[in-house]
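What follows is the residue order along each chain.
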Amino acid sequence: MKRILTILILLIKNYSLLRIFQIIETKKLTLKGKSLEFGASVDYKKNFSYFLKNKGNFDYSNIDNKQNKKIIPLDLRKKLNIKSNFYSNVLIYNVLEHVDDHSIVFQEIKKILNKNGSLYGSTPFLYQIHGAPKDYYRFTKDFFLEKLHKNGFKKINIKCMGYGPFVACFSIIQSYTKYLPLINPIIFLICFLLDFTMQFFVKTKLNEIYPIGIFFSAENK
């Protein structure tokens, strides 16, 4: 019930449902040591590290640093100009779908993480195309399980965010209903109740076949 209340409050504040689920997962984390957030904004309130219980010491990166010295320009398609074992944590939210070549992404992230360092990330699934400037991919749970395992990560945890097809539909139309923010909580509640009821009659977890997004975490060996 507390989770649903949080969702309703953030919907009124006009957060997308995808971002709401990502914020909820992020708030569960407590990080220690030096960390790096990919895809960061110069407005720190827009970064997911802003929602952490304990931020520690953060660096921020983006392929486009907009000439801001606080943002490290890094291209995930190339080898990262960062010392090996430099970070204790890496955050990478809503970035991988904008990268057209993933051949060395996880290998390079693993390199800059220290031993037992943690990787946390999220990508959209049933969510609108959003160019930044381009949007290439949507990833499944199986994709992350395989990629993280092949690149030597351990303690892999993948979570499909959502409740089912009705909530997924709401997420899709929300880009239009956001102009009527007080109506969004009502639409969401109706969709949630429909998914909740449907789940009693379906053996497969509905959020796993109709995910709005994927959240993943893993540790470096």
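Only a predicted model underlies this, so the values are computations on that prediction, with no experimental measurement involved.

Participant: How would you sum up the packing of aromatic side chains? Please name residues and give values.
Facilitator: If you walk through the whole model with that rule in mind, you get 20 aromatic pairs. Ring geometry for Tyr50 and Phe51: centres 5.2 Å apart, planes at 85 degrees, overall edge-to-face. An angle of 35 degrees between the planes, with centres 4.5 Å apart, marks the rings of Phe139 and Phe143 as tilted. By relative accessible area, Phe139 is classed as buried at 4%. Taken together, the ring pairs connect Phe21, Tyr163, Phe170, Phe188, Phe192, Phe196 and Phe200 into an aromatic cluster. Above the ring of Phe48, the side-chain terminus of Arg19 is found at 4.4 Å from the ring centroid. Over the ring of Phe153 we find Lys110; its NZ or CZ atom is 5.7 Å from the centre of that ring.

Participant: Residue-level account of helix 1 (residues 2-12), with values.
Facilitator: Turning to helix 1, its buried residues are Ile4, Ile7, Leu8, Leu10 and Leu11. Turning to helix 1, the residues buried within the fold contact helix 2 (17-26), helix 5 (165-177) and helix 6 (184-199). Immediately beyond the C-terminal end of helix 1, within one or two residues, lies Asn14, with a positive phi of roughly 75 degrees.

Participant: Requested: an account of the sheet that holds strand 6 (residues 153-161), with residues and values cited.
Facilitator: The sheet built from seven strands is open, its strands ordered 3-2-1-4-5-7-6 with mixed pairing. The open sheet has two free edges, formed respectively by strand 3 (71-73) and strand 6, since each of these has just one partner strand. Going from strand to strand, the sheet's axes swing by 20 degrees on average, the running direction of each strand aside. Note: strand 1 (residues 34-38) against strand 4 (residues 87-93), four bridges, orientation parallel. Within strand 4, the residue paired with Phe38 across the bridge is Ile92. Seen against the sheet, helix 2 touches strand 4, strand 5 (113-124), strand 6 and strand 7 (213-220) and runs at an angle of roughly 140 degrees to strand 6. Those strands touched by helix 3 (residues 105-112) are strand 1, strand 4, strand 5, strand 6 and strand 7, and its axis lies near 140 degrees from that of strand 5.

Participant: Run through the nonpolar core, naming residues and quoting values.
Facilitator: Generally speaking, a soluble globular protein has its nonpolar side chains buried in company with each other. Ile7, Leu17, Tyr163, Val167 and Phe188 are the most contacted members of the largest nonpolar core, which totals 29 residues. Counting only elements with at least two residues in this core, the list comes to helix 1, helix 2, strand 4, helix 5 and helix 6. A total of six residues in this core trace back to one element, the largest contributor, which is helix 2.

Participant: Summarise the pattern of salt bridges; cite the residues concerned and give the values.
Facilitator: Evaluated as defined, the whole model comprises eleven salt bridges. Of the charged contacts in the structure, one is a salt bridge between Lys159 and Glu25, with a shortest N-O distance of 2.9 Å. Separated by 134 residues along the polypeptide, Lys159 in strand 6 and Glu25 in helix 2 bring together distant segments of the chain. For Glu25, a relative accessible area of 5% puts it in the buried group. Ionic contacts of the salt-bridge type, sharing partners, join the residues Arg3, Glu25, Lys28 and Lys159 into one network.

What counts, and where the lines are drawn
Residues numbered from 1 in each chain as written. Predicted model: local features only at pLDDT ≥ 70, side-chain atom pairs only at ≥ 80, totals over all residues. Heavy atoms only, no water. Phe/Tyr/Trp six-rings, centres within 6.5 Å; stacked < 30°, edge-to-face > 60°. Buried < 20%, exposed > 50% of the residue type's maximum accessible area, 1.4 Å probe, protein only. Lys NZ or Arg CZ within 6 Å of the ring centre and 35° of its normal. Helix = DSSP H or I, 4+ residues; strand = E, 2+ residues; numbered from the N terminus. Contact = heavy atoms within 4.5 Å. Pairing = 2+ DSSP bridges. Axes fitted to C-alpha atoms, helices over the stretch in contact; angles between N-to-C directions. Core = buried A, V, L, I, M, F, W, Y, C linked by side-chain atoms within 4.5 Å. Salt bridge = Lys/Arg side-chain N within 4 Å of Asp/Glu carboxyl O.

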